[in-house]
Amino acid sequence: MSTETPLELKKTLNLPKTGFAQKANLSQSEPARLKKWAEMNLYDLIRRSREGREKFILHDGPPYANSDIHLGTALNKILKDIVVKSRTMMGYDAPYVPGYDCHGLPIELYVERKLGEKKAQMPATSIRRACREHAAAALKSQTRDFQRLGVLGLWENPYLTMSNQYEAETARLFGRFVERGYVYKGARPVYWCIHDQTALAEAEVEYAEHTSPSVYVKFPLSDETLDGKAFKRELLGSEDDPRRVFFLIWTTTPWTLPANLGIAVNPAFEYAAIESGGEVYVVAAELVEAVTEKCGLSAPKVLARFMGAKLDRLEARHAWLDRPSLLMLGDHVTLGGEADAETELDVKEARDRKGTGKAGTGLVHTAPGHGHDDFVIGKAYGLDIYCPVDNAGRFTPEVEHFAGQRVFEANPKIVEFLRESGALLFSENYAHRYPHCWRCKNPVIFRATPQWFISLDALSADAQQFEQDDDGRDRTNYTDNEEGAPESLRDGALREVERVEWVPAWGEDRMRNMLRGRPDWCISRQRVWGVPIPAFYCDACGEAVADPSVIKHVTDIFERESSDAWYTRETKDLLPENFMCPKCGASGWTKETDILDVWFDSGSSSIAVLEKYEGLSWPADVYLEGGDQYRGWFNSSLMVGLAVHERAPYRAVLTHGWLLDGQGKAMHKSGGNAISPNDVIKESGAEILRLWVASSVYYEDMSCSPDILQRAADAYRKMRNTARFALGNLDGFDPERDRVALPELPELDRWALAELDTVIERVLEAYKAYEFHTVYHALYNFCTVTLSARYFDIIKDRLYTYAPKSHARRAAQTALFEIADALARLLAPILVFTADEIWENLPSSKPEGDQATATTASVHVADFPLASGARDAGMLARWTRLFEVRDVVLRSLEEARVAKLIGSGLEAKVRLDVSRDVYELLQHYRDELRYIFIVSQVDLSIAENGATEPVRVSVVRADGEKCERCWTYSEHVGASTRYPTACERCTAALAEIEAGEDA
RNA sequence: CGCGGCGUAGCUCAAAGGCAGAGCGUUCGCUUGAUAAGCGACCGACGAGAGGUUCGAUUCCCUCCGCCGCGACCA
């Protein structure tokens with residue numbers, strides 16, 4: 001026994017002590033940790049640690065290198081990082097090579113605006129240089145932002161679609177499509193922006209409200225032709241009848257009337273000839289009433305009814321030009337769906353105070369140069385693809401009356417002209433959704449111009465021919481299509497769609513529908529900032545030549561000099577020597593001026609990146625992008641994959657939803673409801689953003705608002721404090737030396753470890769299934785309920801008051817260590833900074849600078865934890881019941897508190913009257929109950945017969961005095977002379993401590 | 001107009017053809033040895049439909065409404 005003076009009681013407690021700060025101060029600590037990671041080359045360290053493991057490739061879809069990142073980009077990158085890190089910790093070698101989409105119109109337009117007037121005089125090379133600089137600056141700043149989010153990857157060597165190698169590969173892949181016979185040059189109507197003067201891809205138009213003039217125009221029947229005469233005779237009895245017959249068409253684009261070459265009717269619809277004011281009009285029978293009302297036809301009389309098929313190949317005359325307009329049959333002709341939805345439309349239109357909702361005549365004005373359906377039917381009937389509109393949207397000189405005018409400005413003049421000439425029956429303003437350019441927001445037009453296309457339906461017969469890479473690697477193992485049967489891109493795509501795993505599952509339908517309906521891919525753009533289409537035109541015969549051997553020659557130059565060579569070098573330098581026109585044998589050439597669609601650039605990435613970077617391989621395991629990429633990158637990548645390997649470039653495609661604000665409205669930069677990720681980082685830290693991402697179901701639309709972020713910040717603090725409590729109580733614990741074996745742990749500690757096992761399994765399963773919100777909820781719930789409210793609260797007494805080295809305390813620490821270690825690992829993919837910080841503060845018996853630093857250096861090099869095997873169904877069931885009883889007790893304590901009987905729970909003595917079966921359970925834990933309930937005393941007895949509830953609780957003041965040291969009430973306080981204010985438990989602990997000090 | 005998705009407490013998520021759960025937040029209280037912390041209690045919801053199937057529907061079907069996305073047509 002010690003003879004020294006008694007110890008100061010409060011100082012003998014083992015209160016938590018740790019370097020793990022309560023306040024995270026993320027806006028400062030995150031950059032510091034990033035710096036540390038950079039210094040230790042963490043990404044390389046991880047790569048080396050995973051060498052030889054099974055690969056898991058997430059292929060990064062390149063964000064557009066144009067401006068600062070927005071919340072959507074941040075969300076995208078964070079999700080990818082969570083995938084990569086979680087797969088890494090599952091044991092895969094999961095490299096991450098980020099990329100940037102550098103070419104394209106948005107940058108070119110930005111540069112153009114900046115250059116202003118000067119641009120006109122500048123050569124293409126100068127503009128391209130400016131674009132290149134802009135992209136380089138933007139991607140540099142984006143890289144900084146992405147890294148700041150805690151995303152690990154090969155940031156020092158990302159792929160850039162504007163690098164020499166990438167540009168060369170892009171051009172080379174164009175060559176692949178050529179070789180396969182998928183590429184053709186033709187005139188088809190494509191979306192055309194008259195402001196930016198370029199063709200647009202489908203993905204580049206957006207629909208917006210637009211008001212157009214809606215006009216009803218009459219085209220006279222040509223009674224010169226035999227058929228026309230016969231038709232008139234049938235209708236009116238005599239071909240000499242003075243009444244003239246007109247076909248009544250409706251359009252909202254009067255400017256396309258000069259290009260009218262025909263009128264389409266539906267063969268299955270009934271049409272009627274109606275007479276009014278001495279003229280006869282043909283309209284769809286169902287629309288007679290609507291049309292007469294609209295056009296103010298007085299006393300209309302139906303003369304005849306007949307099917308549309310009857311009109312086939314009749315000839316009308318153009319409304320004002322001396323030119324025929326052919327009647328044609330097409331199923332695309334509708335009645336506008338108006339019949340079914342009149343009420344609905346009337347309401348909507350009335351709101352707009354425009355139009356009345358009934359439009360159309362059942363006869364469709366057809367201009368094959370200005371519409372998709374028009375083009376198709378015009379082709380079928382052998383019409384010209386006539387498009388008298390130039391790049392700037394001006395009528396060409398051949399257009400009478402309107403030459404030189406811009407189409408949208410000509411609209412009212414054409415209407416006026418029609419009115420004066422008497423061809424117009426009615427006009428009004430018509431509000432509808434109309435395609436607009438995604439960049440400049442101006443309305444676009446449909447315009448037939450010569451463009452390069454990739455055919456979706458052309459068959460490629462030479463499927464096996466180039467299943468060899470330039471380096472001779474055999475590629476045939478990639479394909480299923482063993483017979484090498486001819487297959488179109490569309491068919492191949494539809495086949496591959498079924499093999500891919502889509503998350504969520506409905507993505508498959510969406511992709512399939514998109515692929516079924518899409519037209520040929522227009523890949524040429526009349527711009528300069530992109531990869532030039534490596535094609536030439538024969539000066540002698542005008543033949544457009546895209547030849548594989550020429551393309552190879554060109555791409556070799558690109559590889560060395562970048563695609564700038566196309567502009568800096570002379571044509572002869574770009575062609576193989578003595579290259580002659582395959583058609584006419586001439587050798588004078590002019591280079592193509594169009595560039596490739598940027599979707600072709602990014603679509604090339606699977607080949608240009610996965611097959612070129614060391615450590616990557618084709619195909620990717622996962623693509624992960626927003627839902628807008630179904631028709632964008634998922635689609636273009638699929639086309640390239642098919643052209644090269646006849647396979648999809650991805651095994652699985654995950655999509656995330658759209659960002660909405662707190663009210664569920666779409667988040668738009670212009671809508672004023674956008675949240676800037678950089679602001680959030682500055683104020684709260686990237687961890688908060690990451691935690692928000694993890695907490696939401698990302699494959700649906702996600703809401704974000706200051707309030708929602710506040711919830712994430714709250715959750716962060718709770719998890720941080722939970723970890724801090726564990727770390728604080730591990731002070732002085734050496735896992736090697738002090739760990740208590742599982743069978744020797746008190747049951748409560750084994751229960752905690754069993755709960756941990758459950759969490760580990762749930763979390764790992766959720767990571768595997770990419771369900772990060774389940775990870776979040778499982779971990780958060782574990783922290784709040786299992787740990788903070790239950791386990792930690794109960795073991796506090798043991799941790800603080802028992803002798804530091806006592807078995808009971810070491811047992812709790814053993815569990816705490818396992819818990820903290822597992823928490824760090826399980827949280828690591830989400831809370832990348834904090835998990836690492838927990839990891840650092842875990843006690844370790846390893847001396848500093850030990851060789852084992854590979855895993856000790858950072859949690860991100862470690863693996864996920866394994867379940868410890870502490871689970872025991874019987875034990876878990878018992879504890880579930882014990883906690884139910886505890887809940888009842890806590891409620892009673894609360895009542896006693898309200899009644900001012902007690903304050904702290906330790907002031908209470910709890911009497912339990914319980915049913916026999918509950919008693920059976922509780923009596924085994926008789927001595928534990930006071931700790932489980934956190935009270936000073938517990939009396940347990942079987943309830944007398946007739947008790948209704950299984951557990952009845954009464955609360956009274958605890959017996960005895962409050963122990964100064966542990967705050968429990970005990971009748972033994974005062975029994976010790978050395979420590980007169982301490983209870984019997986504390987007296988014993990103090991003796992142990994004093995003995996320990998001597999030792 | 002067509003197609004697809006979504007709609008469960010203030011927020012984020014569960015579950016299930018049979019009493020709708022959790023955590024957070026709010027409110028109230030306790031504690032002051034996790035302290036710009038900790039514990040407890042209370043309050044709180046199935047978008048609408050006297051629609052259909054069913055003994056029973058929030059769940060399955062239909063209609064409507066709202067939100068989100070995509071597309072078509074009007075050339």
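Now for a description of the structure that goes with this document. Just so we're clear, the structure is a prediction, and the values are computed from it rather than from any experiment.

Thresholds applied
- Residues numbered from 1 in each chain as written.
- Chains lettered and ligands numbered in written order.
- Predicted model: local features only at pLDDT ≥ 70, side-chain atom pairs only at ≥ 80, totals over all residues.
- Heavy atoms only, no water.
- Helix = DSSP H or I, 4+ residues; strand = E, 2+ residues; numbered from the N terminus.
- Rg over C-alpha atoms; globule rule 2.2 N^0.38 Å.
- Areas by Shrake-Rupley, 256 points an atom, 1.4 Å probe, with all protein chains shown as cover.
- Lys, Arg positive; Asp, Glu negative; His and termini not counted.
- Charge placed at Lys NZ, Arg CZ, Asp CG, Glu CD.
- Phe/Tyr/Trp six-rings, centres within 6.5 Å; stacked < 30°, edge-to-face > 60°.
- Buried < 20%, exposed > 50% of the residue type's maximum accessible area, 1.4 Å probe, protein only.
- Lys NZ or Arg CZ within 6 Å of the ring centre and 35° of its normal.
- Near = heavy atom within 4 Å.
- Polar contact = N/O pair within 3.5 Å; in protein donor to acceptor, adjacent residues only side chain to side chain.
- Nonpolar A, V, L, I, M, F, W, Y, C, P; charged D, E, K, R; others polar.
- Salt bridge = Lys/Arg side-chain N within 4 Å of Asp/Glu carboxyl O.
- Pairing = 2+ DSSP bridges.
- Contact = heavy atoms within 4.5 Å.
- Axes fitted to C-alpha atoms, helices over the stretch in contact; angles between N-to-C directions.
- Parallel < 35°, antiparallel > 145°, perpendicular 65-115°, else oblique.
- Left-handed = near helix turned anticlockwise from the far one by under 90°.
- Arc of directions from axis to C-beta.

**Describing the overall build of chain A**
Point 1. Secondary structure assignment for chain A yields 32 helices and 32 strands.
Point 2. Computed over its C-alpha atoms, the radius of gyration of chain A comes to 39 Å, more than 25% above the 30 Å expected for a compact globule of 999 residues.
Point 3. In terms of its C-alpha atoms, chain A occupies a principal-axis envelope of roughly 135 × 75 × 55 Å.
Point 4. Surface accessibility of chain A: about 42600 Å² in total, with carbon and sulfur atoms responsible for 49%.
Point 5. Looking at charge distribution, chain A has the averaged site of its 119 positive side-chain charges lying 4 Å from that of its 151 negative ones.

**Considerations on the packing of aromatic side chains**
Point 1. Across all of its chains, the model carries 42 aromatic pairs by this definition.
Point 2. Ring geometry for Phe-634 versus Tyr-650: centroids 6.4 Å apart, planes at 75°, classification edge-to-face. In this pair, Phe-634 sits in helix H19 (residues 633-645) while Tyr-650 sits in strand E25 (residues 650-656), placing the two residues 16 residues apart along the sequence. Both residues of the pair, Phe-634 and Tyr-650, count as buried.
Point 3. Aromatic ring contacts, followed pair by pair, group Phe-725, Trp-751, Tyr-791, Phe-792, Trp-879, Phe-883 and Tyr-925 into a single cluster.
Point 4. Lying over the aromatic face of Phe-246, Lys-218 brings its terminal NZ or CZ to 4.5 Å of the ring centre.
Point 5. The ring of Phe-20 carries Arg-720 above its face, with NZ or CZ at 4.2 Å from the centroid.

**Here's the deal with the protein's contact with RNA strand B**
Point 1. RNA strand B sits among 69 residues. The nearest are Trp-250, Thr-251, His-365, Arg-631 and Arg-724.
Point 2. Backbone atoms, meaning sugar plus phosphate, form 79% of the atoms of RNA strand B positioned within 4 Å of the protein.
Point 3. Backbone polar atom of Asn-721 to a base nitrogen of RNA strand B: 3.5 Å apart, as the coordinates give it.
Point 4. Take Gly-903: an N or O atom from its main chain is 3.0 Å from a sugar or linking oxygen of RNA strand B.
Point 5. Where the surface near RNA strand B is concerned, the elements lending two or more residues are strand E7 (244-251), helix H9 (342-352), strand E14 (363-366), helix H10 (372-380), strand E15 (424-437), helix H22 (706-728), helix H25 (772-801) and helix H29 (873-898).
Point 6. Sorting elements by how many residues they give to the surface near RNA strand B places H25 first, with 12 residues.
Point 7. Looking at the surface near RNA strand B residue by residue, the classes come out as 24 nonpolar, 21 polar and 24 charged.

**Observations concerning the pattern of salt bridges**
Point 1. Applying the stated criterion across every chain yields a total of 72 salt bridges.
Point 2. The partner of Lys-17 in a salt bridge is Asp-731, with the nearest N and O atoms 4.0 Å apart. In this pair, Lys-17 is assigned in the segment before helix H1 (26-39) and Asp-731 in the loop between H22 and helix H23 (735-738), connecting sequence segments 714 residues apart.
Point 3. Residue Lys-17 is classed as exposed on the basis of its relative accessible area of 56%.
Point 4. Residue Glu-169 is joined to Arg-172 by a salt bridge in which the shortest nitrogen-to-oxygen separation is 2.7 Å. Of this pair, Glu-169 and Arg-172 both sit in helix H6 (residues 164-179), 3 residues apart, which is roughly one turn of that helix. Each member of the pair, Glu-169 together with Arg-172, is buried.
Point 5. One continuous salt-bridge network, built from bridges that share partners, spans Arg-33, Lys-36, Asp-836 and Glu-840.

**Some details on unusual backbone geometry**
Point 1. With an omega dihedral of 0°, the bond running from Val-503 to Pro-504 counts as a cis peptide bond.
Point 2. The residue Pro-504 is located in the loop between strand E17 (501-503) and helix H13 (507-517) in this model.
Point 3. Of the consecutive residues Trp-618 and Pro-619, the connecting peptide bond is found in the cis state with omega at 0°.
Point 4. Within the secondary structure, Pro-619 sits in the loop between helix H18 (605-610) and strand E24 (620-626).
Point 5. Phi at Glu-646 takes a positive value of approximately 60°, unusual for a residue other than glycine.
Point 6. Structurally, the position occupied by Glu-646 is in the loop between H19 and E25.

**Let's talk about the pairing of strand E13 (residues 324-329)**
Consecutive side chains of a regular strand alternate in pointing toward one face of the sheet and then the other.
Point 1. In this sheet, E13 lies alongside strand E8 (residues 262-265) in parallel orientation, the contact comprising 4 bridges. Pairing of Ile-263 across the sheet is with Leu-327, part of E13.
Point 2. In sequence, strand E12 (residues 315-317) turns back onto E13 through a hairpin of 6 residues.

**A short note on the environment of Tyr-613**
Point 1. Mapped onto the secondary structure, Tyr-613 falls in the loop between H18 and E24.
Point 2. Tyr-613 gets classed as buried once you look at its relative accessible area, which sits at 16%.
Point 3. For the pair formed by Tyr-613 and Trp-155, sequence separation is 458 residues and the distance between their alpha carbons is 13 Å.
Point 4. Among all residues touching Tyr-613, those that are not within four sequence positions of it are Val-97, Leu-154, Asn-157, Pro-158 and Tyr-159.
Point 5. One polar contact links the side chain of Tyr-613 to the main-chain carbonyl oxygen of Pro-158, over a distance of 3.1 Å.

**Remarks on the packing of helix H4 (residues 105-115) against helix H5 (residues 124-148)**
Point 1. Close contact between H4 and H5 brings their axes to 9 Å; oriented N to C, the two are set at 110°. Between H4 and H5, the interaxial angle falls into the category roughly perpendicular. Viewed along their axes, H4 and H5 form a crossing whose handedness is right-handed. The residues of H5 that touch H4, namely those facing Ile-107, Glu-108, Tyr-110, Val-111 and Leu-115, are Ile-127, Ala-130, Cys-131, His-134 and Ala-135.
Point 2. Per-class residue counts for the contact of H4 with H5 are 8 nonpolar, 1 polar and 1 charged.

**Structural notes on helix H7 (residues 226-236)**
Point 1. Among all positions in H7, only Gly-228, Phe-231, Lys-232, Leu-235 and Leu-236 are buried. For H7, the buried positions fall inside an angular range of 105° around the axis, keeping them on one side. For H7, exposure combined with an orientation more than 90 degrees from the buried face picks out Leu-226 and Glu-234.
Point 2. Packing partners of the buried residues in H7 comprise E7, strand E9 (270-276), strand E10 (279-284) and strand E11 (301-307).
Point 3. The positive-phi residue at the C-terminal boundary of H7 is Gly-237, with phi of around 90°.

**Regarding helix H27 (residues 832-841)**
Point 1. The buried fraction of H27 is high, at 8 of 10 residues.
Point 2. When we look at burial in H27, the residues that qualify are Val-832, Phe-833, Thr-834, Ala-835, Asp-836, Glu-837, Ile-838 and Trp-839.

**Let's talk about the sheet that holds strand E22 (residues 589-591)**
Point 1. Read across the sheet, 3 strands follow the order E21-E20-E22 without closing on themselves; strand pairing throughout is antiparallel. Where the open sheet ends on each side, the last strands, each with one partner, are strand E21 (544-545) and E22.
Point 2. Pairing analysis gives 3 bridges linking strand E20 (residues 536-538) to E22, with the strands arranged antiparallel. In the sheet register, Tyr-537 faces E22, and the bridge partner there is Thr-590.

**Points about the side chain of Asp-601**
Point 1. Its location among the elements puts Asp-601 in helix H17 (residues 598-603).
Point 2. For Asp-601, which is buried and forms no salt bridge, the nearest opposite charge comes from Arg-128, at a distance of 8.9 Å.
Point 3. What Asp-601 contacts, discounting residues up to four positions off in sequence, is Asp-101, His-103, Thr-161, Tyr-166, Thr-170, Val-531 and Leu-596.

**Regarding the side chain of Asp-60**
Point 1. Inspection of the secondary structure assignment puts Asp-60 in the loop between strand E1 (58-59) and helix H3 (71-89).
Point 2. For Asp-60, the side chain forms a polar contact with the side chain of Tyr-96, separated by 3.1 Å.
Point 3. Within the structure, the side chain of Asp-60 is placed 2.9 Å from the backbone nitrogen of Gly-99, a separation counted as a polar contact.
Point 4. Residues in contact with Asp-60, not counting those within four places in the same chain, are Lys-77, Lys-80, Tyr-96, Val-97, Pro-98, Gly-99, Tyr-159, Glu-625 and Trp-633.

**Let's talk about the sheet that holds E1**
Point 1. Spatial strand order, E1-E24-E25-E17: 4 strands in an open sheet with parallel pairing. The sheet is open, and its two borders are formed by E1 and E17, each paired with just one other strand.
Point 2. Bridge count for E17 against E25 is 3 bridges, and the pairing is parallel. By the bridge assignment, Glu-501 is partnered in E25 with Ala-652.
Point 3. Sitting on the sheet, H3 touches E1, E24 and E25, and the angle it makes with E24 is about 155°.

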